[in-house]
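Residue-level structural notes
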Amino acid sequence: MMGDLGVEDELSFEDRFKQYVMVKKDGKIICSTQCLNPPFNMPSIWNITDIVRQEKLDFLSELSRCLLRRSPENSHQEKEWDAFLGFLQKYKKVAIGKHERFQFFILPPKEGSSFNCTFACYRERRKPSECPVGKASGSTSHVIEDACSPCNKEAVIGAQTRDLSAKASGRPEKTNVQNISLESNFVHANPSYLKTLGHTHSGWSFGAIAEFVDNSRDAKATKLEISIDMIFSRVVGREIPMLCIIDDGCGMNHQEMLQMVSFGHKQPDADDPNRIGRFGIGFKTGAMKLGKDALVLTQTTNSRSIAFLSQTLNEGKDNLEIPIVSYYRYGQFMELDKQNETLFKHNLKAIKEFSPFDKYFIGQKVGLFSKDGTGTHIYIWNLDEWGPNYSLQWESGITGGSSFHQGDILIRSRRVRARPGQMTQMVPLDYSLRSYLEVIFLDPRIKIYVQGSQVKSRPLARSLNRTVVENGTIMGKLVQLTLGCNQLEWEEANCGIFLYWHGRLIEAYKRVGSMMHNGDRGRGVIGVIDVTNLMAEDNGHVWVHNNKQGFQDCEVYAELEKWLGERSDKYLDEHVDKVELKAGSGVYKPDNEWVQCDKCRKWRMLSHGFNSKTLPLQWFCYMKPFNGECEVSEQEVEPGVITISSKRLGYSSTEDPEEIKCKLSRQAVGTSKTRNE
């Protein structure tokens, strides 16, 4: 019987080609397996479409066969695999799956045998490729394209194209139209494509760093550290700067790591409101913009993986190689997967040879994982250059709890991003990473550290004066805009709308309406809006650029611009003070001052008149003036009225606001007369 499997049969497959295969049914994962001696271009995902009795398939003995050995990523997959094979064995049934090129049949294991592995038969549904099946060797890395496997030592993504296969085999190229229609042309990725990926963020380096921040938030991280440190590189024989991004999220298993470094994965059919990641290219585009080489070290509760995306390693090669090494937890130890020891030794050797990482350095970095043992580390070196220096410039702050001087990572050029209608050259978030991260999230929860010191989040909607909330409908979808005046932005002569998508900043200081035609119109006026639902279609498509730094030119965006302009002009006419205040003389105090608990990350409204500057750097809900518990719900932002501070002007706090306006007007007139004289 074809399903009978003895020890000798299993051992006979040990030295043959191996490929990971994920077995699924009804879209749900059963188990990850190793396919020993698979055919060329066997798909890496087997979707079971039917289960029939074995006696009805009398042709199975005539088919080629391979061995499926379970390789579960977690205990759930292990249980599912046992239940799946147990069902096939008990009822003597065969699981059938179809692929555009193959039909495969998973046979029931022999009665009384373990469910460690079983046979699978297969047959091709169309003409096979002319490229021969090669035995796996230590010089190949993991296949990173679902539809194909490597054909030679340096191939990683896809098979060779039809004409290359013909030349390699010495056969003349066939030009028969019928034959051409039966041939498959698989993906071939040249290493120069890595440079192309970096162009996605060529306009702004912080857009690349934001991709890593997004991934950390999607991984439910509570803490994210971003820093540039000096490390010794054996490759160049000196210290070099390395960008480090470390979070305490859930980490990635081998399959998830494989997907992160792969190309061409299908976009999800639905727009998940709880995730920022959408396009599947963020890590690759971000890493290749910031530097030439990147290493990812990630750990889940039961696995650890290392991936190396490198231009240095692939220099001079014809096809892209991405070494990946995965470990699995056995008891209290992480051990190398012995079933792929030759391949993994090759990949480890490549990482050690072309990176600053040896086993001791890797061990040191592993020790940085949180007490729960999960998270992801990204290390990028050979950083992008700006003339004789690096594009990024870093400053180390004072260690400890001091807020006197906090470290920062800056864009060396200090250029302000071009925005229609904007005249100011003082936009810190354009060149200061700390300033950008202060407002990157609409509702900040994750703790972010830059150069060792914590970033104090600045939720814009909670920092406005004379707050007005505008509700409306755009193309049948509800939107809500919060408008108000902000003292910091007034002093820096900035204004505009901050547009968030999935709670993440996409566009900042977008001028709309009359702001676009008058450089000083609306000075200090800030709007905040989340357009997640507005920028999504029912079919799952989203109107956001894949670098997440702007929106596509579409009808809904045009209508949004029009609506924002109308609401902003209405606000300027009805609520903004007509008195012209000189820089530094007027203060738009927030309607309410807020502080964030370092434990629960909830925002608490301070009592009226309380000086927020007296609060410690680390503040908790039980402290003054809240004196409460973390379980208490957050307060909502409420509309307020404009307040003009009298402290800087020397006026009494009890003086009537109208008197203050008159004094300011007289002061302005006096200044004008002096100039004329």
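Residues numbered from 1 in each chain as written. Predicted model: local features only at pLDDT ≥ 70, side-chain atom pairs only at ≥ 80, totals over all residues. Heavy atoms only, no water.

- As recorded by an unreviewed UniProt entry, the protein chain carries the name CW-type domain-containing protein and is attributed to Solanum tuberosum.
- In UniProt, the protein chain has this text filed under Subcellular location (unreviewed entry): "Nucleus".
- Taken from UniProt, the Sequence similarities (unreviewed entry) comment for the protein chain reads in full: "Belongs to the MORC ATPase protein family." (UniProt positions renumbered as here; feature names shortened; annotations may be inferred.)

**Some words on the pairing of strand β22 (residues 477-485)**
- The pairing of strand β21 (residues 465-474) with β22 spans eight bridges and is classified as antiparallel. Bridging from a neighbouring strand, G472 pairs with V479 of β22.
- Bridging between β22 and strand β25 (residues 525-530) involves five bridges; their strand directions are antiparallel. In the strand pairing of β25, L483 is matched with G527. (Pairing = 2+ DSSP bridges. Helix = DSSP H or I, 4+ residues; strand = E, 2+ residues; numbered from the N terminus.)

**Details of the environment of N533**
- On the secondary structure map, N533 appears in the loop between β25 and α13 (555-575).
- On the basis of relative accessible area, N533 is assigned to the exposed category, the value being 59%.
- For the pair N533 and K477, spaced 56 residues apart in sequence, the C-alpha separation works out to 7.4 Å. (Buried < 20%, exposed > 50% of the residue type's maximum accessible area, 1.4 Å probe, protein only.)

**Focus on the packing of helix α6 (residues 205-218) against helix α8 (residues 282-290)**
- Across the interface, α6 lies against α8 with an axial gap of 8 Å and an inter-helix angle of 140°. It follows that α6 is oblique to α8 by the angle criterion. For the pair α6 and α8, the crossing hand works out as left-handed. Contacts between α6 and α8 pair S205, A208, I209, E211, F212 and N215 from the former with G282, F283, T285, G286, A287, K289 and L290 from the latter.
- Across the contact of α6 with α8, the residue classes tally to six nonpolar, five polar and two charged. (Axes fitted to C-alpha atoms, helices over the stretch in contact; angles between N-to-C directions. Parallel < 35°, antiparallel > 145°, perpendicular 65-115°, else oblique. Left-handed = near helix turned anticlockwise from the far one by under 90°. Contact = heavy atoms within 4.5 Å. Nonpolar A, V, L, I, M, F, W, Y, C, P; charged D, E, K, R; others polar.)

**What to know about the sheet that holds strand β1 (residues 18-25)**
- The strand order β1-β2-β4-β7-β6-β5-β3 describes a closed barrel built from seven strands, whose pairing is mixed. Strand-to-strand, the axes of this sheet are offset by a mean angle of 40°, without reference to chain direction.
- Where strand β4 (residues 64-70) lies against strand β7 (residues 117-124), six bridges are found, and the strand directions are antiparallel. When the sheet's bridge partners are listed, R69 is paired in β7 with C117.
- With respect to the sheet, helix α2 (residues 75-91) is in contact with β1, β2 (28-36), β3 (45-53), β4, β5 (93-98), β6 (102-106) and β7, its orientation differing from that of β2 by roughly 80°.

**Here's the deal with the pattern of salt bridges**
- Taken as a whole and judged by the stated rule, the model has 23 salt bridges.
- Of the charged contacts, one joins D82 and R70 as a salt bridge, the two residues approaching to 2.6 Å between their closest N and O atoms. Taken together, the residues span a long stretch of sequence, with D82 in helix α2 and R70 in strand β4 at a distance of 12 residues.
- Take D82: its relative accessible area is 27%, and that puts it in the partly exposed class.
- Two residues, R419 and D430, come together in a salt bridge whose shortest N-O distance is 2.9 Å. You can see R419 sitting in the loop between β18 (408-411) and α11 (433-438) and its partner D430 sitting in the loop between β18 and α11, a full 11 residues away along the chain. (Salt bridge = Lys/Arg side-chain N within 4 Å of Asp/Glu carboxyl O.)

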